Amino acid sequence: MNYRSLIVVRIFFGWLLLTLQPIGANPVHRSTLVKHFGDLLITDLRGCNLCHLGDGQSQPSSLEEFPHNAFGDHLRRMGEELVDSGRDDSIVSRLTELADADSDQDGYSNLTELLLESHPGDDEVIPTDALLQLRDERVTAYDAMRSAYVWRPFDPIEQPAIPETESRWVRNPIDVFITEKLRARDLSPQSEADPQRLLRRIYLDLVGLQPTISEIQSFTDEYASDPSSYERVVDRLLEHPGYGERWGRHWMDIWRYSDWSGYKDALRESQRHIWHWRDWIVESLNEDLGYDQILTRMLAADELQLTGKDLRATGYLARNFHTNRNQWMDNLVKHTSQAFMGVTLGCAKCHDHMSDPFPQTDYYALRAVFEPHAISTDRIPGQLDIKANGIPRAYDRSVTAKTYLFERGDERFPDKDEIIPPGVPAILGGSFYPETISLTHSNANPDQRDFVRMDLIESLRSKQRQAKTDLEAEVHERQIEALQAEFELEAEEANGLAETSERWQELAKGVLALQRVSTSVSATWQLQVAEESLKAAEEALKEAESSGDASAISKASKQRDTHQKTLDERTAKQQAAEAAMNEPLTTKFSRREQTTYPSQSSGRRLAFAKWLVSPTNPLTARVAVNHLWNRHFGRGIVASTNDFGNTGSTPTHPELLDWLAAELMNQRWSMKSIHRLICTSATYRMSSSLNHESRSVDPDNQLYWRQNIGRMEGEIVRDNLLYLSGRLDQSVGGADIDPNLAQKSRRRSIYLRHAHEKLVEFIQIFDGPAVTECYARENSIQPHQALALINSQLSVDAARAVCEAPKRVDLNDGDFVEQVFLTVLGRNVTPEEKKHCLDFLETSDRFNLTLVLLNHNDFVTIR
Amino acid sequence: MRASKTNRRNSSESARRDFIKHAGMSLSGLALTSLLYRDGQLLSANELSGAHHRPKAKSVIWIFLIGGLSHLESFDPKPALNEYAGKTFDETPFAEQVLDQEKLNENLLDPSKQKREVYKKIMPLQVDYQACGNSGLEISNWFPGLQKQADNLCLLRGMWTIDNNHGAQLTYHTGRKITEGAFPTVGSWVSYGLGSANQNLPEYVVLGNPSADCCGAAWTHGASYLGPKHAGVRLNVDPDQPLSFVQSAVKDQSSEQQARNFNLLNKLNGLAAQEFPDDSDLKARIRSYELAFEMQTSVPDLMDFDQETAATRSLYGIDTPESQDFGRKCLAARRMAEQGVRFIQLFHGYRGNAGAWDSHRDLKKNHSTLCKQVDQPIAGLIADLKQRGMLDETMVVVGSEFGRTPGAEFRDDNSNVKGSGRDHHPHGFTVMCSGGGVQGGKIHGATDELGFHAVENRHYVTDLHATVLHQLGLDSHLLELPGRKRLESDIGEVIHDVLV
């Protein structure tokens, strides 16, 4: 096409656009304007009339029909000026330039008119006297809005500078961000919590167990003279194995931990032995494995070519298993996006997302990331039966799995015209390049690992040891020989020996020879067994005949016939085996049954994980620190921890959240470093007491003028009933425990089975997590909780153990009351409380007193 | 003005406290109150509580069908849908009024965030209607039981709401959009405003599994800033296991010892309340223990249906497998109303996610099955309340978060998928009321010819709340807490036209 015709085309299209589309105020400009002023711009000023003349109702077809007013014209001219001087001509810059100008020459600046509900382009409309009174207030509000930190959760994270502060209250950067906002509202932070409450709070928060009497006493003594002893407590608790258990449960909520479920033996959801994943979580947290590593391994440990116990990480994927594949994939897309990215991509299954910028294809692109994978169970040393124990893990069963978009999300109607490639939401940026991964031989053939071979041999040896006859023992000996020959062949295959090679053929023939011997010996033994059985059956028949009992004779005769039939079959088999021995050797030996995985993995999950934990990913670190904040303060900085999109909550402290998110990455994704930062901040250490003045300004404590009052979670209530009575079994890890034993078991609650219809009622009553999802816990107060705490076996056993402990038996009543307050409530008894308790002991025993204290508000409450 | 409202609230609150101190705080006192009830000497609601005016009703039984009942196949017949079945809105004379974009956006909060296609292809009514009773109220044939109760029913056909997705379940109970978070539910305002008429049972009880996590979950019976004390208490209707941990694990724990334990606990928590006078959680926990103590006997009694005759059980559909479960809940609701429980909230149709009533496909099969589960129980409840002389003072309300679209949910014209269901519809739907001083055989409000927009006597969900509160003696305008801003739309207006 030559230059001239190009111009013609341009003119033609320009004309076409003008004719076909009625001209309206530029909608992009309009929405920018509305966004720029927020709520400060009244509805009347949000229409076309702000910049144009006319009624704004008719459908003008050109600028001539729809001319600018003085303000609009001014903006247009300013745009041209800015372009000419090579500056940014965005509508915001134009507005900024013209804020103090008076476009309509009515004596009031444009900004004044915009803020005071008057028209900047119409000199007949001026601000009313009443509104002029509000001028300073509105300008201040406008300035505050313009200078406020802008929350852009879908833009990459940049660590904001820490504002300068002279506040002496500040202990670390968290406090700076908090105090800034408090100061703006004339609020002041509460003083620090008293040492006993502070200690109990930090213990329950970091390890889920309350301090013992001696820990309380040594801390309060030390703290009085050395305030840094608190930091040492934090450090110590972060190294306590209970940290992984306490925070493991936190992440298990978010990552939807569930033991397997299904009717009777049928597996419907999750996987048997998924507890291996739970143990991996606990261990990884205790080792402070980076959050980036944790996510990567959960999504793609197999593609990282990790082996053995490290594959437990992919329990995250195994948990999502569902008998319905579409449901399985849906859960993964839905919850991976909510848990890790804080976006509700699941909403884009049937249509483009209704409030966030995710087209429907984003849903299917993420599904395509997971499409190739399936779940299998790997053997663990010492256990050949994977039904009894094994590691559920993910693998790719096909590198070419296809994903189709379902029309309106209906799986019955896949759009097969187009394969949806794996991908990540474009709006979130970053790069996603899946590369096919070739698995090592051992990873593709896990049953060829040394321990599996040893276990197989050992299981035959064990049978051999139990053999009743020499012949039977020989059977197993020959089996072992044949198996070992096969292992040898496998080993050389693993090193690249080709089936076409002479060496391979030689080895294969050797295996076949040994298998023939093994089969033959085995057949001979089987025949011998059958002969003996027949003999016994014949004798039984004789005995029956001599008794003359017709029914017994018929039964015995039938049995004899059965054994005869078996004998005939085995004779034939034995003869066949003998005959086979004489046939010429071939390479067609029979391979043992073993689990194998395709030698290639699609690399889609690994690519996704890399994208997810890349420092440019806008959401991962923000969502992570918000989850941590949520458990420490009872509310996330973004309250909707699983939704950072448009329908999610507005953050109370966006700047702080961004700072923390960047800090998490600066600290190599170490979660312990974030815990340390949070727990040693002055903000965290504040008292939770109310202050009337602050409350009237900020009743929900959105700005953190005090610490929030918390309540023990159900698991923590149960664990502490065991712990404070000295009965908690602190062993770590292992198979899930029958939930019906919850009242009797002394293990920590995290080890109790947690699955659909297999929940621990005591925990559920205290708002335990749902199996399907639990992004944040509720804190209800219900009479059911009262009944559970006063009537349950757990409480009764705890109360009994506390008051019957040898160290307390000889105490007098007064000392007993003091001790039991410290033990149960972690604080000293007040004189008045002591009096009531001593009065109570006049008519009741110590057991009932202890039971009452377990029900005291201060037991379940974390102040 | 604001101050006097607050004073009034405070005075009613303190009056209630005085009463409890006087008659109820000691456990023996509580037991006495319950005896008074059993002897039928029920004190009037006015004397017991902080009502703003003389109440007409004592209790509300609030039935919520999770997922969205089709108003078009229940209480709001539209012959035009049969007449124009298979045609699109554009082929009817009503297109302009129905599809007016401004009208479509009028109700929705943040319409730009609530994209939802309008399905224009009209789906005929999936069930026939009958004019019933003396009033001739038209009710669909999927509700044969309710058809017989027509003269006791009032249909609010002009309801609308602000969310076109299932977050509207929460909206139905609080008036707020789910993205705004938790707000006090209508039941929690009742609890807050009136307190209990029976110290043995919670004033606000919930039966059935509430909305799923997507749609409000526990917030649909929560109390938000009123404090957890006023949240709905969930109970089971299973007579074998009405309440977990109802018995002490201590063998032979005497009731005297139990009482002494609760007494000491009350004293100790009372001392804590002096240290933390503003801790609403602590107050709620104290109350939860008082209740727990009483519920150890009151709840097993309540769920013991052996005291009911076979005729009564049959009336509630308890002897029919489909309706057994919901029938039990309705019967339990009547028994609770008898005992003075203020607000009894029944959920039907929990299915995780959106809820069972959400019929995007196969509406006919879906709704007809679900109607069998609830029709007889609800009709039986109304009949039973009536025969016991309780209907005048017990208000039954049946509704769901929104209605369903007149158009069939289709994909595109080329598709071989026939739309067999209806989409979410916030622009007009029906709520059914009965008793509690509401007129029977009454229709109030209307949707347009296609059942699309509520056009006459339009009411937002909080008008229903205001009406319920009004009948119980509470003025929605006077319910407020310092520091908590209530919007006009939260408060609602009483629907006086339907009151006796």
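Quantities reported herein were computed from a predicted structural model and do not represent experimental measurements.

## As for the overall build of chain B
Alright, step 1. Across its full length, chain B holds 16 helices and 15 strands.
Alright, step 2. Sorting the 500 residues of chain B into buried and exposed places 55% on the buried side.
Alright, step 3. Excluding contacts between residues fewer than 6 apart, the proportion of contacts in chain B whose partners are at least 24 apart in sequence is 78%.

## Observations concerning the overall build of chain A
Alright, step 1. Helix and strand counts for chain A stand at 37 helices and eight strands.
Alright, step 2. Taking 2.2 N^0.38 as the reference for a compact globule, 863 residues should give roughly 29 Å; the C-alpha atoms of chain A span a radius of gyration of 37 Å, well beyond that estimate.
Alright, step 3. Looking at chain A residue by residue over its 863 residues, the buried ones come to 43%.

## As for the nonpolar core
Residues and elements named next belong to chain B.
Alright, step 1. One finds Val 60 and Ile 344 to be the most contacted residues of the largest nonpolar core, which totals 267 residues.
Alright, step 2. Sorting elements by how many residues they give to this core places helix α11 (residues 280–302) first, with nine residues.
Alright, step 3. Dropping the residues within four chain positions of it, Val 60 is found in contact with Val 190, Phe 343, Ile 344, Met 395, Val 397, Gly 436, Val 468 and Leu 472.
Alright, step 4. Counting 12 residues, the second-largest nonpolar core is a separate cluster that includes Tyr 84, Phe 89, Ala 408 and Leu 450.

## Here's the deal with the environment of A:Arg676
All names here are of chain A.
Alright, step 1. Secondary-structure assignment places Arg 676 in helix α26 (residues 671–679).
Alright, step 2. C-beta crowding within 10 Å serves as the criterion here: with 18 such atoms nearby, Arg 676 is assigned to the partly exposed category.
Alright, step 3. Taking C-alpha positions, Arg 676 is 8.4 Å from Glu 231, a pair spaced 445 residues apart along the chain.

## A look at the packing of helix α10 (residues 255–275) of chain B against α11(B)
All names here are of chain B.
Alright, step 1. With their axes 10 Å apart at the nearest point, α10 and α11 run at an angle of 170° to one another. The orientation of α10 with respect to α11, classified from their angle, is roughly antiparallel. Contacts between α10 and α11 pair Phe 262, Leu 265, Asn 266, Asn 269, Ala 272 and Ala 273 from the former with Leu 282, Lys 283, Arg 285, Ile 286, Tyr 289 and Phe 293 from the latter.

## Observations concerning the pairing of strand β4 (residues 153–160) of chain B
Residue and element names in this part refer to chain B.
Alright, step 1. Burial analysis of β4 places eight of its eight residues in the buried class, the great majority of the element.
Alright, step 2. By the bridge criterion, five bridges tie β4 to strand β11 (residues 429–434) in an arrangement that is antiparallel. Counterpart to Leu 155 in the pairing with β11 is Met 432.
Alright, step 3. Pairing of β4 with strand β12 (residues 442–444) involves three bridges; the strand directions are parallel. Looking at the pairing, Cys 154 lines up with Lys 442 of β12.
Alright, step 4. Relative to strand β15 (residues 459–460), β4 is paired through two bridges, and the arrangement is parallel. Paired with Trp 160 across the bridge in β15 is Tyr 460.

## A few points about the confidence of the model for chain A
Alright, step 1. Per-residue pLDDT for chain A averages 92, and the proportion of residues at 70 or more is 95%.
Alright, step 2. Note that pLDDT drops below 50 for residues 1–24 of chain A; the model gives that stretch 11 contacts with residues more than four away or on any other chain.

## Considerations on unusual backbone geometry
Alright, step 1. A positive phi angle, close to 60°, is found at A:Tyr704, a residue other than glycine.
Alright, step 2. Here A:Tyr704 shows up in the loop between α28 (692–697) and β7 (710–711).
Alright, step 3. Overall, the presence of 28 C-beta atoms within 10 Å leaves A:Tyr704 in the buried class.
Alright, step 4. Despite not being glycine, B:Phe245 has its phi angle at roughly 50°, a positive value.
Alright, step 5. Turning to its location among the elements, B:Phe245 is positioned in the loop between β6 (233–235) and α10.

## Points about the domain arrangement of chain A
Alright, step 1. Domain annotation of chain A identifies domain 1 (24–147), domain 2 (174–183 + 198–232 + 639–705), domain 3 (270–442 + 600–618), domain 4 (446–582) and domain 5 (791–862).
Alright, step 2. In this structure, domain 1 of chain A and domain 2 of chain A have C-alpha centres spaced 44 Å apart.

## Digging into the interface of chain B and chain A
Alright, step 1. Facing the 45 residues of chain B at the interface are 45 residues of chain A.
Alright, step 2. Elements with a contribution of two residues or more to the side of chain B that touches chain A: α10 and α11 of chain B.
Alright, step 3. If you tally residues by element for the side of chain B that touches chain A, the top one is α10(B), at 10 residues.

## As for the environment of A:Arg591
Alright, step 1. Examined against the element boundaries, A:Arg591 turns out to sit in the loop between α22 (550–582) and β6 (600–601).
Alright, step 2. Between the C-alpha atoms of A:Arg591 and A:Leu483, which are 108 residues apart in sequence, the distance is 9.4 Å.

## Here's the deal with the environment of A:Leu131
All names here are of chain A.
Alright, step 1. On the secondary structure map, Leu 131 appears in helix α6 (residues 129–132).
Alright, step 2. By the C-beta count within 10 Å, which is 16 here, Leu 131 ends up partly exposed.
Alright, step 3. When the C-alpha positions of Leu 131 and Leu 82 are compared, they lie 33 Å apart, and in sequence the two are 49 residues distant.
Alright, step 4. Ignoring anything within four residues of it in the chain, the contact list for Leu 131 reads Leu 116 and Glu 117.

## Quick look at the pairing of strand β2 (residues 391–396) of chain A
Residue and element names in this part refer to chain A.
Alright, step 1. Counting buried residues in β2 gives six out of six residues, a clear majority hidden from the surface.
Alright, step 2. Across six bridges, the pairing between strand β1 (residues 373–378) and β2 is antiparallel. Residue pairing across strands places Ile 375 opposite Ala 394, the latter belonging to β2.

## Here's the deal with the packing of helix α19 (residues 450–465) of chain A against helix α20 (residues 470–494) of chain A
Two quantities define a packed helix pair, namely the angle between the axes and the distance from one axis to the other.
Residue and element names in this part refer to chain A.
Alright, step 1. Relative orientation of the contacting elements α19 and α20 amounts to 170°, with a least axis distance of 8 Å. Here α19 lies roughly antiparallel to α20, going by the angle between them. Here Arg 453, Leu 456, Ile 457, Leu 460, Lys 463 and Gln 464 of α19 lie close against α20, whose contacting residues are Ala 473, His 476, Glu 477, Gln 479, Ile 480, Leu 483 and Phe 487.
Alright, step 2. Here the contact of α19 with α20 is composed, by residue class, of seven nonpolar, three polar and three charged.

## What about helix α14 (residues 363–387) of chain B?
Alright, step 1. Counted at 1.5 Å a residue, the expected span for α14(B) with its 25 residues is 36 Å, and the 35 Å between its end C-alpha atoms agrees.
Alright, step 2. Of all the bends in α14(B), the greatest, near 35°, is centred on B:Lys372.

## Things to note about the confidence of the model for chain B
Detailed reading of the predicted model is not advised wherever pLDDT is low.
Residue and element names in this part refer to chain B.
Alright, step 1. The share of residues in chain B with pLDDT of 70 or more is 88%, and the mean pLDDT across the chain is 86.
Alright, step 2. Segment residues 1–48: pLDDT under 50, and 50 contacts once partners within four positions in sequence are set aside and those in other chains are kept.
Alright, step 3. Interface scoring of the predicted complex returns ipTM 0.83; its pTM is 0.77.

## Quick word on helix α13 (residues 321–338) of chain B
Residue and element names in this part refer to chain B.
Alright, step 1. Taking 1.5 Å of rise per residue, the 18 residues of α13 would be expected to cover 26 Å, and the 26 Å separating its terminal C-alpha atoms lies within 8% of that figure.
Alright, step 2. The largest bend in α13 amounts to roughly 30° and is located at Gly 327.
Alright, step 3. Every buried residue belonging to α13 is among Ser 323, Phe 326, Gly 327, Arg 328, Lys 329, Cys 330, Leu 331, Ala 332, Ala 333, Arg 334, Met 336 and Ala 337, and all of these are buried.
Alright, step 4. Looking at the buried side of α13, the elements it contacts are β1 (59–65), β5 (204–207), α11, β7 (343–348), α14 and β8 (394–399).
Alright, step 5. Positive backbone phi, approximately 95°, marks Gly 340, located one or two places after α13.

Calculation rules
Residues numbered from 1 in each chain as written. Chains lettered and ligands numbered in written order. Predicted model: local features only at pLDDT ≥ 70, side-chain atom pairs only at ≥ 80, totals over all residues. Helix = DSSP H or I, 4+ residues; strand = E, 2+ residues; numbered from the N terminus. Buried ≥ 20, exposed ≤ 12 C-beta atoms within 10 Å, placed from the backbone. Contact = placed C-beta atoms within 7 Å. Rg over C-alpha atoms; globule rule 2.2 N^0.38 Å. Core = buried A, V, L, I, M, F, W, Y, C linked by C-beta atoms within 7 Å. Axes fitted to C-alpha atoms, helices over the stretch in contact; angles between N-to-C directions. Parallel < 35°, antiparallel > 145°, perpendicular 65-115°, else oblique. Pairing = 2+ DSSP bridges. pLDDT = per-residue confidence, 0-100. Domains from an automatic or database assignment. Nonpolar A, V, L, I, M, F, W, Y, C, P; charged D, E, K, R; others polar. Expected span 1.5 Å × (residues − 1). Bend = angle between axes of the 7 residues up to and from the residue.

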